[in-house]
Each structure stands twice: as structure tokens, then as C-alpha cells.
Amino acid sequence: MRNRRIFGIVIFVGLSMHVNADEQHQKNSFFNKLYSIVKEFTRVDSNYIEAQKYNYAAMLQNTNTYEMYRISNSKHQTVDLAPDPSYKVGPYFGWRWIFLGYTLDVTHLSSKNKRKGIDLSLYSNQLGIDLFYRTTGTDYHIRRINLNDDQKIDVSPLKGVNFSGLHAEIRGFNLYYITNHKKFSYPAAFSQSTCQIKSAGSPILGIGYTHQKLSMDWNAFCDVVTDHIGPVAGLNKAELDSAGLSVSRVKYDNYSVMGGYGYNWVFARHWLFDASLSASLAYLHTISEAEKQQNFFRLNKFTIDGIVRLGIVYNKTKVPSDLKFEKWDDLWDARLENNILLIDGAREMMGIALQSEGNSVNDTNEVNLNLAEKKLELLHKNVKAINA
């Protein structure tokens, strides 16, 4: 009876070990596949793109935006409002693939405008995503107005007049895919995590989503109109209040598909110029809080937007400046991956490996020779080519 118990335990342990081994194999297989998928996102043609050899980088960014809103009410009165164009400039500093910085709106340095904005961009060789949030402040100007009146009142005195009764809040994202990602590198221009060593371009495809809130104070608008051109029939606070139009609040979602092309031009040693143009076709899905109703599909809800990106990069050298090459062992530095050209000579290569360990090129000690051979195998990942 005791023997049977022992035998049963042995079989149980054996089966458990076999099952655990299978489970471990499946786990390894899963992680290997996952690693292969992730690795594919960074796989590039080394004739066109190479890894950044510096840990630190600096960048100056300039962002220019111009926006315009056309607001209308149930009386078919419309007004086009636009803030002053925004010109932002600021420094960014990066460590490897992380960049942080701040841009200053130079057009609103002395104003009390409450404009705010946060942007986050993430890039890989295949995919890129831009996340953004901003409020447009209160520095709007009247660009065009239609009072829908029978009196044909001259509204030219209203053009360019300041108006602070509109508030806009925007948040959303743009996601895009680089089709020729093995030869064209977006990060080389906009995050400096790679280096473009040969000119190349790529089509760019993407999708986007924007959620926007607008709040329009028609009473404040009525005051502005009255102050500049006098009372207007059909536009007074009493009528607006009775119609429930004193303040209009609108939310809308913007769904877009985009396509474009980007090109990295390596026009001189250490220099790169990038230009990309994307156009998007978007549909505005609008919900009016005031009317509590949803507007259905309409062809005039489609809009076309464009994004232009320009970048110029100077990368001083392919080799880190702190590498002085004072000893043979420097050739094994991990930052020289795929950057070394060797000569096709077994004696010369063994001599380099021996000297890197402090031995003579004529050393005949078998242990030292074996160590030198193994060290040469470690140098393989740094070798770009062998000159025969």
C-alpha cells in the first residue's frame, strides 16, 4: 500500500512538471510573438534610418494657429468671430525619446486673455498620435455679420470690433500611420529619437476626433451692436430672453479621416528638413443644449481641414562627442551599434581584440585567444560593413 502511494505521488509530480513545462512553453511562445509584433514597430532600413546616438537633445518649436467660428441663432442672424492668430515659440529638451518643453504665445504677452493649451505627441516609426486640449480665450473680433433685417443696416462699423462673449473649449486626438516607415522617420524630425541618413518620403494615413464646447452670450453681442450702430429691430435683450436665446450653448463632435504625404530631405551633412502636408475630411455631429435636440445627417456638415508640419534638424555627428577613441575597447560601446566599418583580415581583427584586453597582438596563449574570439563575436552588432 505504501509503495502504491509513493508511485502515485511520483506520477503526479511528473505530470505536474510536464503540464507546467507546457504552460511555460506556451507563455514563452506568446511573449515571443508579442515581442516580434512590438519589434516590428521599430524595425527600419539601416541604409535610411539609424538610432540616435545622443542621450540629450534640444529643440525649438513654433506653432501657429488661426481659428474662426460662425454662430447663428433661430432668427437666422449670424456672426463670424475669430481670435487673433496665435504664434507660439518655445524650447523643448529631450532625454532619449522623452521631450518636455513650453511654448509662449508671443502675440498675447501683455493681454489678460485666458487662453490655455496642452499638447502631447507620441511617435514611433509606424504610428504617431497627437493629444490636445485648449481654450481659446476671450479676444475675439467680429469679422462678418448678418442681422437678417429688412432695413439693410450698414454693419461695417462692427467689423474688427472686440467681442468677449464667446467661449470655446476643444479637446481631441489625431492618430496617423506611416506607410513607408522602414525608410521614412517622423521621429527623426519631431522627436529626434532616430536619425534620417538618406532622403525618403511616405504617404500618411490617419483618423481624428475632436470634441468642442461653445458658449455664445447673445445679450453681450446685442450690447456691442447697439453701442456701435444703434438699436436693431429683432435684436434686443427682451426678445432674446423671451425666445430663450440670451445664451446659446452648443457641443459638437468632429470625426475625420485624413491623408497626406511627408518627406525627409537630407540636404547636407548633419542637416535634415522635413515637410508634411495632411488634409482631412470631417463630419460635424452637433448637439444644441438650448434646443435639446440632435441635428441629423446633412451634407453641409462636412468640412475640410489641413495640417502643415515643417521641421529642420541639425545633428552634429553620428558618433557621440564624449567618445574619444583613446583605446580599442571603445569600439564595443553600445552607442556605436551598426556604425563601424572593419577590414577583412583575421589577424588584424584578432589583434584588436587582444589589445582591447591589454594583451599583445602576438599573444599565443590559448586562453587569451579564446577570450579574444568571443569578444569579437560581441562586436558584431556594432559592425555596419566589412571592407574586403
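Thresholds applied
Residues numbered from 1 in each chain as written. Predicted model: local features only at pLDDT ≥ 70, side-chain atom pairs only at ≥ 80, totals over all residues. Heavy atoms only, no water. Pairing = 2+ DSSP bridges. Helix = DSSP H or I, 4+ residues; strand = E, 2+ residues; numbered from the N terminus. 1 Å grid on protein atoms, 1.4 Å probe; cavity = no way out; pocket = protein on both sides within 12 Å on 5 of 7 lines; lining within 4 Å. Points joined across faces, edges and corners; volume = space filled by probe spheres on them. Nonpolar A, V, L, I, M, F, W, Y, C, P; charged D, E, K, R; others polar. Phe/Tyr/Trp six-rings, centres within 6.5 Å; stacked < 30°, edge-to-face > 60°. Buried < 20%, exposed > 50% of the residue type's maximum accessible area, 1.4 Å probe, protein only. Lys NZ or Arg CZ within 6 Å of the ring centre and 35° of its normal.

Participant: Help me understand the sheet that holds strand β3 (residues 69-72) in this model?
Facilitator: In any sheet, the strands associate via hydrogen bonds between backbone groups, in a parallel or an antiparallel arrangement. Taken in spatial order, the four strands make up an open sheet running β3-β4-β10-β11, and their pairing is antiparallel. Both edges of this open sheet fall to β3 and β11 (162-163), since each of them pairs with a single strand only. By the bridge criterion, six bridges tie strand β4 (residues 78-83) to strand β10 (residues 140-146) in an arrangement that is antiparallel. Pairing of T78 across the sheet is with N146, part of β10.

Participant: What's the story with empty space enclosed by the protein in this structure? I'm lost.
Facilitator: By rolling a water-sized probe across the atoms, one finds the places where empty space is left. Enumeration over the complete set of coordinates arrives at two cavities of 30 Å³ or more. Lining the largest cavity, in full, are D130, N174, Y176, Y186, I204, M258, S276, L277, S278, I307 and R309. Residue assignment for the lining of the largest cavity shows that the elements contributing at least two residues are β12 (166-178), β16 (271-288) and β18 (302-314). Ranked by the residues each element gives to the lining of the largest cavity, the list is headed by β16, at three residues. Across the lining of the largest cavity, the residue classes break down as six nonpolar, three polar and two charged.

Participant: Explain the packing of aromatic side chains to me, please; I cannot follow it from the model alone.
Facilitator: Ring pairs (aromatic) are described by centroid distance and by the angle formed between their planes. Per the stated rule, a full pass over the model turns up 11 aromatic pairs. Residues Y176 and Y186 carry aromatic rings whose centres are separated by 5.6 Å and whose planes lie at 85° to one another, so their mutual orientation is edge-to-face. Of the two residues, Y176 sits in strand β12 while Y186 sits in the loop between β12 and α2 (187-190), which places them 10 residues apart along the sequence. For the pair formed by Y176 and Y186, the shared burial category is buried. Judged by centre distance (5.9 Å) and plane angle (45°), the rings of F184 and Y186 are tilted. Judged by its relative accessible area of 0%, F184 is buried. Exposure remark for Y186: the relative accessible area of 3% places this residue in the buried category. Here a set of aromatic residues connected by ring pairs shows up, and it is made of Y176, F184, Y186 and F190. The ring of W332 has K375 sitting right over it, with the charged end atom 4.7 Å from the ring centre.

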